[in-house]
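Structural overview for review
For reference, the chains in residue letters:
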There are 2 protein chains.
Amino acid sequence: MNYYLGIDFGGTEIKIGIIDENGSIVTKDKYITDTSKSGAEIVAHIADCAQELIGKSGVDQKNIRGVGIGSPGLLNPETGQLKIVTNVPQLNGVNFAEGIGSHLGLPAFLDNDVNAMTLGEFFFGAGKDFKHVIGLTLGTGVGGGIILNGELHRGASFTAGEIGHMSINADGLYCPCGNYGCLERYIGRDGIVTRFKAYQSKGIATGINEYLDNGEITPKAIAMAAADGDKLSLEVLAETGKILGIALATLTNVLNPEIFVIGGGIANAGDLILEPARHELIKRAYTVPAQAVKVAPAALKNDAGIVGSASIAVAKLAK
Amino acid sequence: MNYYLGIDFGGTEIKIGIIDENGSIVTKDKYITDTSKSGAEIVAHIADCAQELIGKSGVDQKNIRGVGIGSPGLLNPETGQLKIVTNVPQLNGVNFAEGIGSHLGLPAFLDNDVNAMTLGEFFFGAGKDFKHVIGLTLGTGVGGGIILNGELHRGASFTAGEIGHMSINADGLYCPCGNYGCLERYIGRDGIVTRFKAYQSKGIATGINEYLDNGEITPKAIAMAAADGDKLSLEVLAETGKILGIALATLTNVLNPEIFVIGGGIANAGDLILEPARHELIKRAYTVPAQAVKVAPAALKNDAGIVGSASIAVAKLAK
């Protein structure tokens, strides 16, 4: 049996795990990202944690074929170099793949976290029976990964997949990215919460106060209230799905994929969002490609980060 | 030297030509599409015309490697079958590639006309130094072809590339396709003319009457008036470019291409449209992919149809 190590790097936390060639997690753990350390120290720390995890796992290191590292920020997947990591700037310019790989004596590959999630779903999750797979993550922002003909499409400067920054309304809300009407402004965390509060401020009844998330209205709180039947929460989620469907219709017309795999926190609301998204997609997209595409929830859930990151190595090595 | 035969099929006219392996046209001619004939008769007629053209060309038939056929409508590029040809319904279901290819004794390949144009620009035109090339044709409608990593992306049901039916305004103009705010509604032929007439009806001065196209205001008339400095025409073209740029920004964020190649009638206005498009793209798209992409006019001009169609065969055979 072949194994792959996945490192899901984030500004506050690092998840590391080992998966087997079927995508099952053998072992996993999580660690703190110590942002007071230098870039080289962070690299060494991650490698040490991974080495320790391998040691405890019972997996023979020589059966681990490689390491996949998923990271937020701007990076070069061909060289393995991080370019701009917003919350950990000492990593800018650091060759993460080479640094971690050489510590472990294993081939290591870097890609962004949304491409990692999409690869994970493609190899082991909702997208495993398809070759044209578009992954979306709905969280603070809206991210995307695009697999066409079984290959991740990274583009000319490795920035392809910014689905959150499709404009769905040329004269819409200004987005800090410089565009107007970006999808993320409507169905990213702030977009959802802002819409909810706008309706609430008009006096529409809601039981949201029973579900607050550390005292705040968040997409998670809205999803919990909706699951219990709160009408305003249900309406805001349905509206979120409808807006998602507008973007999926454009992607369907332009790229004619086989499946959209939707992950990220709010996607846990499942069909409360996905059913209106499907409905809007079918209304708006051409019939032939609309009938050819599925809209499915991500299958990997909490392990999406580790399995996805490991899948970066699977994509490179498992041919 | 290798040669390729290109057949640019249309509802009123068929252009046939032979290109050499550098994309230069050796010979070409055009023929009438006789829509009173049966599907089989149309196939036989096209093959006879092509055979006669080969005979007169001086090219030895054994040096012709294959035939590429570009057609409007819905079709299957894998089987070579036409599915829905709006203006010539007797061709629905006809295997165009097999029919024409067997008459000529040459391998023949079918694809849609916009994919053909994009392949032509990719092999022999403005896109020849690039591997991620998006072609757009601005005409009655707005078509698109997408080449990623040197391969045409056709998608799950061979309908990818419907760039004219990206929604740039979720609540915008209704489009007969079922969507709202489709790019084509704003910068297709009717969109451009409607905008022009709306401004004109407000009394904005224009010298358009000197340039009418068979007595009508058309994009061609507007482009001619603009070339001579007519202010309203210039403004409508600049606006057309700006709207195009909105869509190109979304495509840049999502697909991170190296070049957009813009063809079709109104694209002959060149920088009067393309410069505002570039400006809007840079304003709206992420900096890194925006800096990585060019917006260029199609290079093949009047021969785009023949060279593009022949390029369908080049893509299949010239590896």
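Residues numbered from 1 in each chain as written. Chains lettered and ligands numbered in written order. Predicted model: local features only at pLDDT ≥ 70, side-chain atom pairs only at ≥ 80, totals over all residues.

**Some words on the overall build of chain A**
The secondary structure content of chain A amounts to 10 helices and 12 strands. For chain A, the C-alpha atoms occupy an extent of roughly 60 × 45 × 35 Å along the three principal directions. Residues counted as buried form 55% of the 319 residues belonging to chain A. Considering only contacts within chain A whose residues lie at least 6 apart along the sequence, 64% involve residues at least 24 apart. (Helix = DSSP H or I, 4+ residues; strand = E, 2+ residues; numbered from the N terminus. Buried ≥ 20, exposed ≤ 12 C-beta atoms within 10 Å, placed from the backbone. Contact = placed C-beta atoms within 7 Å.)

**With respect to the nonpolar core**
If you look at the biggest cluster of nonpolar residues, it comprises 222 residues, and the most contacted ones within it are Ile 69, Ile 100 and Ile 222 of chain A together with Ile 69, Ile 100 and Ile 222 of chain B. Excluding anything up to four places from it in sequence, Ile 100 of chain A contacts Ile 7, Val 43, Ile 46, Ala 47, Val 67, Ile 69 and Ala 108 of chain A. (Core = buried A, V, L, I, M, F, W, Y, C linked by C-beta atoms within 7 Å.)

**So, the relation of the copies chain A and chain B**
Relative to chain B, chain A is turned by 180° and slid 0.0 Å along the rotation axis, the superposed coordinates differing by an RMSD of 0.0 Å. The operation mapping one copy onto its partner corresponds to a two-fold rotation axis. If distances are taken from each C-alpha of chain A to the rotation axis, the shortest is found for Asn 169 of chain A, at 2.0 Å. Looking at chain A, 100% of its interface residues are interface residues in chain B too, so the copies touch through the same face. (Least-squares fit on C-alpha atoms with pLDDT ≥ 70 in both.)

**Thoughts on the pairing of strand β8 (residues 133-138) of chain A**
Residues in a regular strand point their side chains to alternate faces of the sheet. Residue and element names in this part refer to chain A. Taken across its six residues, β8 has six buried, putting it largely inside the fold. Alternating positions in β8 separate into two faces, Val 133, Gly 135 and Thr 137 on one and Ile 134, Leu 136 and Leu 138 on the other, with burial throughout. Strand direction decides the pairing type here: β8 and strand β9 (residues 142-148), joined by six bridges, are antiparallel. In the strand pairing of β9, Leu 136 is matched with Gly 144. Hairpin connection, β8 to β9: the antiparallel pair is bridged by three residues. Strand direction decides the pairing type here: β8 and strand β11 (residues 259-263), joined by five bridges, are parallel. Looking across to β11, one finds that Thr 137 is bridged to Gly 263. (Pairing = 2+ DSSP bridges.)

**A word on the domain arrangement of chain A**
Residue and element names in this part refer to chain A. Split into domains, chain A comes out as domain 1 (3-120 + 303-317) and domain 2 (129-298). Between domain 1 and domain 2, the contact holds nine residues from the first and 13 residues from the second. Among the elements of the structure, α3 (113-124) and α10 (304-317) are those that each provide at least two residues to the side of domain 1 that touches domain 2. When residues in the side of domain 1 that touches domain 2 are grouped by element, the largest group, five residues, is from α3. (Domains from an automatic or database assignment.)

**What to know about the interface of chain A and chain B**
With 37 residues of chain A at the interface, the matching set in chain B holds 37 residues. Sorting elements by how many residues they give to the side of chain A that touches chain B places helix α7 (residues 231-255) of chain A first, with six residues. Split into classes, the residues belonging to the side of chain A that touches chain B amount to 19 nonpolar, 14 polar and four charged. (Nonpolar A, V, L, I, M, F, W, Y, C, P; charged D, E, K, R; others polar.)

**Describing the environment of Glu 258 of chain B**
With respect to the helices and strands, Glu 258 of chain B occurs in the loop between α7 (231-255) and β11 (259-263). A residue is classified by how many C-beta atoms lie within 10 Å of it, and Glu 258 of chain B, with 19 of them, is partly exposed. Glu 258 of chain B has contacts with Ala 156 of chain A together with Phe 130, Lys 131, His 132, Val 133, Ala 292, Val 293 and Lys 294 of chain B, leaving out every residue within four places of it along the chain.

**Considering the packing of helix α6 (residues 219-227) of chain B against α7 of chain B**
Residue and element names in this part refer to chain B. Interhelical geometry of α6 versus α7 gives an angle of 115° and a closest axis separation of 8 Å. The element α6 and its partner α7 pack so that their crossing is left-handed. Along its contact with α6, which presents Ile 222, Ala 223, Ala 225 and Ala 226, the element α7 presents Ser 233, Leu 234, Val 236 and Leu 237. In terms of residue class, the contact of α6 with α7 is built from seven nonpolar, one polar and no charged. (Axes fitted to C-alpha atoms, helices over the stretch in contact; angles between N-to-C directions. Left-handed = near helix turned anticlockwise from the far one by under 90°.)

**A few points about the environment of Thr 12 of chain B**
Mapped onto the elements of the fold, Thr 12 of chain B is located in the loop between β1 (3-9) and β2 (13-20). Under the C-beta neighbour-count criterion, Thr 12 of chain B is labelled exposed, with 9 such atoms within 10 Å.

**Quick word on the confidence of the model for chain A**
Per-residue confidence for chain A gives a mean pLDDT of 96, with 100% of residues at or over 70. At the level of chain-chain contacts, confidence expressed as ipTM amounts to 0.95, with global pTM at 0.96. (pLDDT = per-residue confidence, 0-100.)

**Quick notes on helix α1 (residues 39-57) of chain A**
Residues and elements named next belong to chain A. When the terminal C-alpha atoms of α1 are compared, their 27 Å separation across 19 residues agrees well with the 27 Å that a helix rising 1.5 Å per residue should span. Elements in contact with the buried residues of α1: β1 (3-9), β2 (13-20), β3 (25-32), β4 (64-71) and α2 (96-104). With its phi angle positive at about 85°, Gly 58 sits one or two positions after the end of α1. (Expected span 1.5 Å × (residues − 1).)

**Looking at the sheet that holds strand β12 (residues 294-297) of chain A**
All names here are of chain A. Taken together, five strands build an open sheet; the order of strands is β10-β9-β8-β11-β12 and the sheet is mixed. On the outer flanks of this sheet lie β10 (151-152) and β12, each paired with one strand and no other. As paired elements, β9 and β10 share two bridges and run antiparallel to each other. Bridge pairing links Ile 147 to Leu 152 in β10.

**A closer look at the packing of α3 of chain A against α10 of chain A**
Residue and element names in this part refer to chain A. Look at α3 against α10: their axes get within 7 Å of each other, and the N-to-C directions meet at 80°. Of the possible angle classes, the one that applies to α3 and α10 is roughly perpendicular. For the pair α3 and α10, the contacting residues are Ala 116, Met 117, Leu 119, Gly 120, Phe 123 and Phe 124 in the first and Ala 304, Val 307, Gly 308, Ser 309, Ser 311, Ile 312, Val 314 and Ala 315 in the second. A class-by-class count of the residues in the contact of α3 with α10 yields 10 nonpolar, four polar and no charged. (Parallel < 35°, antiparallel > 145°, perpendicular 65-115°, else oblique.)

**Comments concerning the sheet that holds β11 of chain B**
Strand order in this open sheet of five strands is β10-β9-β8-β11-β12 (chain B), and the pairing throughout is mixed. Of all the strands in the sheet, just β10 (151-152) and β12 (294-297) of chain B have a single pairing partner and so form its edges.

**Quick look at helix α8 (residues 271-284) of chain B**
Residue and element names in this part refer to chain B. Taking 1.5 Å as the rise per residue, α8 with 14 residues should run 20 Å; its terminal C-alpha atoms sit 19 Å apart, in good agreement. Within α8 the residues assigned to the buried category are Leu 272, Ile 273, Leu 274, Ala 277, Arg 278, Glu 280, Leu 281 and Arg 284. The inward-facing, buried residues of α8 abut α6, α7, β11, α9 (287-292) and β12.

**Points about the environment of Phe 109 of chain B**
All names here are of chain B. Its location among the elements puts Phe 109 in strand β7 (residues 108-112). Accessibility expressed as a C-beta count within 10 Å gives 22 for Phe 109, which makes it buried. Along the sequence, Phe 109 and Lys 202 sit 93 residues apart, while their C-alpha atoms lie 50 Å from each other. Setting aside chain neighbours within four positions, we find Phe 109 in contact with Gly 66, Gly 68, Ile 69, Gly 80, Ala 97, Ile 312, Ala 313 and Lys 316.

**Digging into the pairing of β2 of chain A**
Residues and elements named next belong to chain A. The pairing of β1 with β2 spans seven bridges and is classified as antiparallel. Looking at β2, one finds that Asp 8 is bridged to Lys 15. The loop that links β1 with its antiparallel partner β2 comprises three residues. Judged from the seven bridges that link them, β2 and β3 form a sheet pairing that is antiparallel. Considered in β3, the bridge of Gly 17 is made with Lys 28.

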